[in-house]
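Each chain is listed here by its residues.
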Amino acid sequence: MIKFLLPALTVVSLGFLATLPFTGLDTLWQTGTGSMLVMWLQALTLFFVNTVYQDASHERPYHHILHRLIFIGVAVLPIYSLISLYGNWLRIDQYGLTVDRCWAVLICVLLASGI
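Rules of the game
- Residues numbered from 1 in each chain as written.
- Predicted model: local features only at pLDDT ≥ 70, side-chain atom pairs only at ≥ 80, totals over all residues.
- Heavy atoms only, no water.
- Helix = DSSP H or I, 4+ residues; strand = E, 2+ residues; numbered from the N terminus.
- Polar contact = N/O pair within 3.5 Å; in protein donor to acceptor, adjacent residues only side chain to side chain.
- Contact = heavy atoms within 4.5 Å.
- Phe/Tyr/Trp six-rings, centres within 6.5 Å; stacked < 30°, edge-to-face > 60°.
- Buried < 20%, exposed > 50% of the residue type's maximum accessible area, 1.4 Å probe, protein only.

## Focus: the side chain of Ser35
Part 1 of the reasoning: You can see Ser35 is positioned in helix H3 (residues 34-52).
Part 2 of the reasoning: In terms of polar contacts, Ser35 uses its side chain to reach the backbone carbonyl oxygen of Ser84, at 3.5 Å.
Part 3 of the reasoning: If we ignore the near neighbours within four places in the chain, the residues touching Ser35 are Trp29, Ser84, Gly87 and Asn88.

## Digging into the packing of aromatic side chains
Part 1 of the reasoning: Going through the model one piece at a time under the given rule, you end up with 3 aromatic pairs.
Part 2 of the reasoning: Relative to Tyr80, the ring of Phe16 lies with its centre 6.1 Å away and its plane at 20 degrees, an arrangement referred to as stacked. Here the residue Phe16 occupies a position in helix H1 (residues 2-23), and Tyr80 occupies one in helix H5 (residues 77-95), the gap between them amounting to 64 residues.
Part 3 of the reasoning: Taking the relative accessible area as the measure of exposure, Phe16 reaches 24% and is therefore partly exposed.

See below:
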């Protein structure tokens, strides 16, 4: 099932990034959970990629075009880290530092490092 969900998640992820210059981040921040949504998208992508590509065999589980699309989706994950860190920074600047925001910053840094 994860082998099917990884390309779907990648298409949603790249679609979000493609529309971001036109819509801006304001609608994402109005939800109140924008940074969390972006971190979940990033965490699920990393988990799915590690699950699908964990085999030591050198065979690709997808067609080469789909494989390239997933490769591009993984390559743009640092952009999600920046968006999430920016959202957390805005919340910390507006409302101050709390324990939840400290955890959010830690999770953002861990996801940015790819662990």
